[in-house]
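Letter by letter, the chains look like this.
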Amino acid sequence: MDEKKTAKQQSFLQGAAMLAAATIIVKIIGAVYKIPLLGIIDDEGYGFFTTAYDFYSVLLMISTTGLPVAMSRMTSEARALGNYAQIRKIFSTALRVFLVLGIVGSLTMLLFSRQLSVMITTYDTSWAAIAALAPSVLFICIISAFRGFFQGQSNMAPTSVSQVFEALCKLFIGLGLAVLIMRLTGDLTLGAGGAILGVTVGCVVSAFYLWRCYRKASRALPTDGTAKSTGATMRQLLAIAIPITLGSAGLQIINLADTMVYMRRLSGAAALAQKYVEQLKGIYNFGQTMFNLPCALITPITISIIPAITAYLTLKDGKNADMVESSAMRITGLVAMPCAFGFMSLAQPIMYLFGYRGGNLQVAGNIMLYLGAAVIFNSLVLVTNAMMQAHGDVTTPVINMIIGGVVKVIANYFLVVIPSLYIAGAAIGTLICYAVITVLNVAAMHRKKILDISCMKSLFKPFLAGLLMGAVTYMANGVLNSVLGSPNLACLGAMAVAVAVYVILVYAFRIITYDDCMLLPGGEKLAKLLRVQK
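**Student:** Before we move on, can you summarise helix 13 (residues 358–390) with the specific residues and values?
**Tutor:** The terminal C-alpha atoms of helix 13 lie 48 Å apart, and with 33 residues this matches the ideal 48 Å at 1.5 Å per residue to within 8%. When the local axis directions of helix 13 are compared, the greatest deviation, roughly 30°, occurs at Val-375. Across the 33 residues of helix 13, 25 count as buried, placing the element largely inside the fold. Count one or two residues on from helix 13 and you reach Gly-392, which has phi positive near 90°.

**Student:** Please provide a residue-by-residue account of a nonpolar patch on the surface, values included.
**Tutor:** A cluster of nonpolar side chains, contributed by Val-161, Phe-165, Leu-168, Phe-172, Ile-173 and Val-205, occupies part of the molecular surface with about 450 Å² of accessible area. Examining the composition of the nonpolar patch, we find that 5 residues originate from one element, helix 7 (residues 157–184), more than from any other. Tracing the backbone through its elements, the reader meets Phe-165 in helix 7.

**Student:** Any chance you could break down helix 14 (residues 396–415) for me, citing the residues and the numbers?
**Tutor:** Look at helix 14: 28 Å from first C-alpha to last across 20 residues, which is about the 28 Å you get at 1.5 Å a residue. Along helix 14, the residues that are buried comprise Thr-396, Pro-397, Val-398, Asn-400, Met-401, Gly-404, Gly-405, Lys-408, Val-409, Ala-411, Asn-412 and Leu-415.

**Student:** Let's hear about the packing of helix 4 (residues 84–111) against helix 5 (residues 113–121): which residues, and what values?
**Tutor:** Relative to each other, helix 4 and helix 5 sit at 80°, their axes nearing to 5 Å. By the angle between their axes, helix 4 is roughly perpendicular relative to helix 5. The residues of helix 5 that touch helix 4, namely those facing Thr-108, Met-109, Leu-110 and Leu-111, are Ser-113, Gln-115 and Leu-116.

**Student:** Before we move on, can you summarise the side chain of Asn-412 with the specific residues and values?
**Tutor:** Among the structural elements, Asn-412 can be located in helix 14. A relative accessible area of 0% places Asn-412 in the buried class. Only 2.8 Å separates the side chain of Asn-412 from the side chain of Asp-258, close enough to count as a polar contact. Contacts of Asn-412, omitting those with residues within four sequence positions, involve Asp-258, Gly-425, Ala-426 and Gly-429.

**Student:** Give a description of the environment of Ser-379 that names residues and reports values.
**Tutor:** Looking at the secondary structure, you find Ser-379 in helix 13. Ignoring sequence-local partners within four residues, the contact set of Ser-379 consists of Ile-298, Thr-332 and Ala-336. Reaching out from Ser-379, the side chain makes a polar contact with the backbone oxygen of Val-375 at a distance of 2.8 Å.

**Student:** Outline the pattern of salt bridges, listing residues and values.
**Tutor:** For the coordinates displayed, the defined rule picks out 3 salt bridges. Across the salt bridge formed by Arg-147 and Glu-166, the nearest N and O atoms sit 2.6 Å from each other. With Arg-147 in helix 6 (residues 127–151) and Glu-166 in helix 7, this residue pair connects regions lying 19 residues apart in the sequence. We classify Arg-147 as buried; its relative accessible area is 13%. Judged by relative accessible area, which is 18%, Glu-166 ranks as buried.

**Student:** Talk me through unusual backbone geometry; I want residue IDs and the actual numbers.
**Tutor:** Trans peptide bonds make up most of the peptide bonds, and negative phi angles are found at most residues other than glycine. The phi dihedral of Lys-316 falls on the positive side, at around 60°, and the residue is not glycine. Turning to its location among the elements, Lys-316 is positioned in the loop between helix 10 (274–314) and helix 11 (318–345). Taking relative accessible area as the criterion, Lys-316 reaches 75% and is therefore assigned exposed. Phi angles above zero are rare outside glycine, and Lys-449 is one such case at about 60°.

**Student:** Please provide a residue-by-residue account of the nonpolar core, values included.
**Tutor:** Looking at soluble globular proteins, one finds that nonpolar side chains tend to be buried together. With 151 residues, the main nonpolar core has Leu-37, Phe-49, Ile-305, Met-329, Ile-367, Met-387 and Ile-423 as its most contacted residues. A total of 17 residues in this core trace back to one element, the largest contributor, which is helix 13. If near-sequence neighbours (up to four positions away) are discounted, Ile-367 is found in contact with Ile-283, Tyr-284, Gly-287, Ile-423, Ala-424 and Ala-427.

**Student:** Which residues make up the packing of aromatic side chains, and what are the values?
**Tutor:** On inspection of all chains with the given rule, the structure shows 14 aromatic pairs. Considering the side-chain rings of Phe-91 and Phe-149, the 5.6 Å spacing of their centres and the 65° angle between planes classify their relative orientation as edge-to-face. Residue Phe-91 is found in helix 4, and its partner Phe-149 is found in helix 6; the two are separated by 58 residues along the sequence. Using a relative accessible area of 2% as the deciding quantity, one classes Phe-149 as buried. With a centroid separation of 4.3 Å and an interplanar angle of 25°, the aromatic rings of Phe-91 and Tyr-214 are classed as stacked. Note that Phe-91 is positioned in helix 4 and Tyr-214 in helix 8 (residues 188–220), a separation of 123 residues in sequence. Accessibility assignment for this pair places Phe-91 and Tyr-214 in one class, buried. Here the aromatic residues Phe-91, Phe-146, Phe-149, Phe-150 and Tyr-214 are joined through ring pairs into a cluster of three or more. Against the face of Trp-127 rests Arg-114, its NZ or CZ located 4.4 Å from the ring centre.

Definitions and limits used
Residues numbered from 1 in each chain as written. Predicted model: local features only at pLDDT ≥ 70, side-chain atom pairs only at ≥ 80, totals over all residues. Heavy atoms only, no water. Helix = DSSP H or I, 4+ residues; strand = E, 2+ residues; numbered from the N terminus. Expected span 1.5 Å × (residues − 1). Bend = angle between axes of the 7 residues up to and from the residue. Buried < 20%, exposed > 50% of the residue type's maximum accessible area, 1.4 Å probe, protein only. Patch = residues over 30% accessible without salt bridge, like charges linked within 9 Å, V, L, I, M, F, W, Y side chains within 5 Å. Areas by Shrake-Rupley, 256 points an atom, 1.4 Å probe, with all protein chains shown as cover. Salt bridge = Lys/Arg side-chain N within 4 Å of Asp/Glu carboxyl O. Axes fitted to C-alpha atoms, helices over the stretch in contact; angles between N-to-C directions. Parallel < 35°, antiparallel > 145°, perpendicular 65-115°, else oblique. Contact = heavy atoms within 4.5 Å. Polar contact = N/O pair within 3.5 Å; in protein donor to acceptor, adjacent residues only side chain to side chain. Core = buried A, V, L, I, M, F, W, Y, C linked by side-chain atoms within 4.5 Å. Phe/Tyr/Trp six-rings, centres within 6.5 Å; stacked < 30°, edge-to-face > 60°. Lys NZ or Arg CZ within 6 Å of the ring centre and 35° of its normal.

Have a look at this one:
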């Protein structure tokens, strides 16, 4: 395979589009998985399920956040300079680190599953889910090494396909085991463990697929260049990875501490019963699942821009680096704004659609309202972090995320015991957290001249389009509900109206630019279709 041809065929936006398409498929599969899962193990069992994920996320962040970014940056730099021998050295060195982290993480979850469950929730009810998920840490580390290898070369296809494999295994194996265990035992603890075992199987399948892809790509990779020593490569990897890992893991640890705080505050200061606290946690976790959907669509952008910007900066091509950053910010707004205003305008109708009724509907709706607003800030945090990392600033995002996390814990400590809020206070804390980080990131980037002010201006049109769409959607839901007499049909109808209105506004405001079109296959034809000029 011609490496130069591959680079040309997969631009930053093409790679992002490929990953976004995979993400959409994965999220659809995830919805098909989680919606019936709620019916199988109910909110209480879903709380056990997500408790395992809470700790798993911490280990996952420690194991896989910093190193893939470091691999991507270093691989992109080596590729831009034609040093393919160094690309091989980067992969082999990183894989060793990943294996050590994966083994330690898996053994920790497996051997201390009951203790971890008690530490997080004060109950041992999540031990089976934690133990079933333990092997995933090792396999996800292996997966991350392979993905870093491909992403650094701007080849997002293997990553995209492997994500779909993971999701399919989770769907069929996870749901199947949950149904089987609940029928045999009726035990929510074991049912949650069976449901999450599908994730582990998915990781194994994905790792095998990526290994096959790597073998083929490795044979086709040129041998030009001179590799640095293992020690030098390791030092460079860790110099980039450790600050990123500390920041991300720090935020996850803070989130874990936050869960411990609000669970104890609800059961202690608020004097709520254990079963009701677990139920509230399950509702909040489901709201977070919805919140993570649009944010997951921003992640492909961040994955794609790091190697793209790094390559341009390596070649001293500031003009194209600026173009990628401006396009990334605009596309981020294009995705985040309609999701945020859609969630806010249809907060309760969406949760009604997913089966919440009565008092739980009010709680779920409030959570969705605040998390909807947080989508905007979280999306900006993701893309600005990636920009700073591509420019070699890996420390500032760390500091800013930790500051935001501490603010979140403090806010939640006071908010969740307010009777009119309870668990919705945690959603407000999330909103405050990401708003603080966004302000800190933008200020730092402006101070270090990483971010051009025109880049931020590109968010105005998507914001205005999203705001107008949200207003129309809110009114459409009210009208349709009174006419149809069915909240579910009204919500679905309002969503259709939202899509139509937003598409019209995007076209009317000329949000998509000529440069954006040129980053996609058939860009000239797309530009003519949208009547976009240079």
